[in-house]
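Working through the structure, step by step
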Amino acid sequence: MRIVLHDTAEAARAFAVARIAATLAAKPDAVLGLATGGTMEPVYEGLIAAHRDGLSFARATTFNLDEYVGLAGDHPQSYRTYMRHHLFDHVDIAAARTHIPRGDIDPAEAAAAFEAALAASGPVDLQLLGLGHNGHIGFNEPSSSLASRTREKTLTRSTREANARFFGAGETPPHSAVTMGIGTILESRAILVLAVGAAKAGAVRGMVEGPVTARCPASALQMHPDVTVALDAGAAAELE
Ligand code: F6R
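Residues numbered from 1 in each chain as written. Predicted model: local features only at pLDDT ≥ 70, side-chain atom pairs only at ≥ 80, totals over all residues.

By the naming in an unreviewed UniProt entry, the protein chain is Glucosamine-6-phosphate deaminase, taken from Wenxinia saemankumensis.

Below you can see the structure in the form of structure tokens.
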């Protein structure tokens, strides 16, 4: 693992933007693995700015990590809506080149369709990952098999509480998601993890310093030969 420490969250995010933009500039038909969540919002802002400066997404293909079970793509809280709002509607990528597991069909069917699309267009050249407070990547919660494929995964109470902020009062965050598996993620050619803020420091320590265990799914990334981890001072605070 290559750990890149930045003083500020802004600098860590700028590093992530530059890495994704460089991947696309070097390989315009790159396959990008994308994530959602609060950490990624400024990253997508940076990519939209890079697009305005000439970076094209027209030949790229994207695969998102996960989608809530029970939400159709046009639901306001779906990750398809998130991606349209934060990136896709602002860059030159055709919807047909963007792949996100479907939340509105049988989860096993959605997972199989996603894996088939990935097999047809992959492997992912650069997979962007955020990090859950509990060490999850995608929605691979603690106890996920380190060899798992895309499938339905029940969300832990702590993840549902963390994500409740994105839902309105009276709305219940879904209980499960279809997520790319850890084994699926590890097939990416390169992986870029972005974690900022002291709340992620414990998960960062588990991911980087191990042990490799299903109790901290991100620790499985230690087994991948090309992982870069961009951190701010807060997220790096518990590293030895
Ligand atoms: C979402 C995803 C999750 C998030 C993680 C961190 O697609 O894959 O693993 O990256 O929950 O979320 P934030 O950035 O909101 O702290």
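Read on, since the account is not over.
With that settled, consider the pairing of strand β2 (residues 31–34). Strand residues, when the strand is regular, have side chains that alternate between the two faces of the sheet. With burial as the criterion, each face of β2 is covered, one bearing Val31 and Gly33 and the other bearing Leu32 and Leu34. Read from β2 through helix α2 (residues 41–52) to strand β3 (residues 61–64), the crossover connection turns out right-handed. Inspection of the sheet shows β2 paired to strand β6 (residues 126–129) by two bridges, in the parallel sense. Across the sheet, the residue bridging to Gly33 is Gln127, located in β6. (Buried ≥ 20, exposed ≤ 12 C-beta atoms within 10 Å, placed from the backbone. Helix = DSSP H or I, 4+ residues; strand = E, 2+ residues; numbered from the N terminus. Right-handed = clockwise from strand over helix to strand, strands pointing away. Pairing = 2+ DSSP bridges.)

Let us now look at helix α7 (residues 201–209). Those residues of α7 not exposed but buried are Ala203, Val204, Gly206, Met207 and Val208. Structurally, α7 contributes buried residues whose contacts are with β1 (2–5), β9 (190–195) and β10 (227–231). Downstream of α7 by a residue or two, Gly210 has a phi angle that is positive, lying close to 70°. (Contact = placed C-beta atoms within 7 Å.)

What follows deals with the UniProt feature "domain: Glucosamine/galactosamine-6-phosphate isomerase" (unreviewed entry) in the protein chain. UniProt's entry tags residues 8–223 with the feature "domain: Glucosamine/galactosamine-6-phosphate isomerase" (unreviewed entry), counted in the numbering of this structure. The span residues 8–223 is 34% helix and 14% strand, and its two end C-alpha atoms sit 28 Å from each other. (UniProt positions renumbered as here; feature names shortened; annotations may be inferred.)

Next up on the list: the sheet that holds β6. Taken in spatial order, the seven strands make up an open sheet running β1-β10-β9-β6-β2-β3-β5, and their pairing is parallel. A single partner strand is all that each edge strand has here, and the edge strands are β1 and β5 (98–99).

The local shell around the ligand holds 13 residues, among which Thr36, Gly37, Gly38, Thr39 and Gly130 are the closest. Here the residues of the shell around the ligand are counted per class, giving four nonpolar, eight polar and one charged. (Near = placed C-beta within 6 Å. Nonpolar A, V, L, I, M, F, W, Y, C, P; charged D, E, K, R; others polar.)

This paragraph deals with the sheet that holds strand β7 (residues 151–154). Pairing in this open sheet of three strands is antiparallel, and the strands run β4-β8-β7 from one edge to the other. Both edges of this open sheet fall to β4 (66–68) and β7, since each of them pairs with a single strand only. Taken over all neighbouring pairs, the strand axes of this sheet differ in orientation by 30° on average, direction set aside. Sheet topology places β4 next to strand β8 (residues 176–179); three bridges connect them, and they run antiparallel. Looking at the pairing, Asp66 lines up with Thr179 of β8. (Axes fitted to C-alpha atoms, helices over the stretch in contact; angles between N-to-C directions.)

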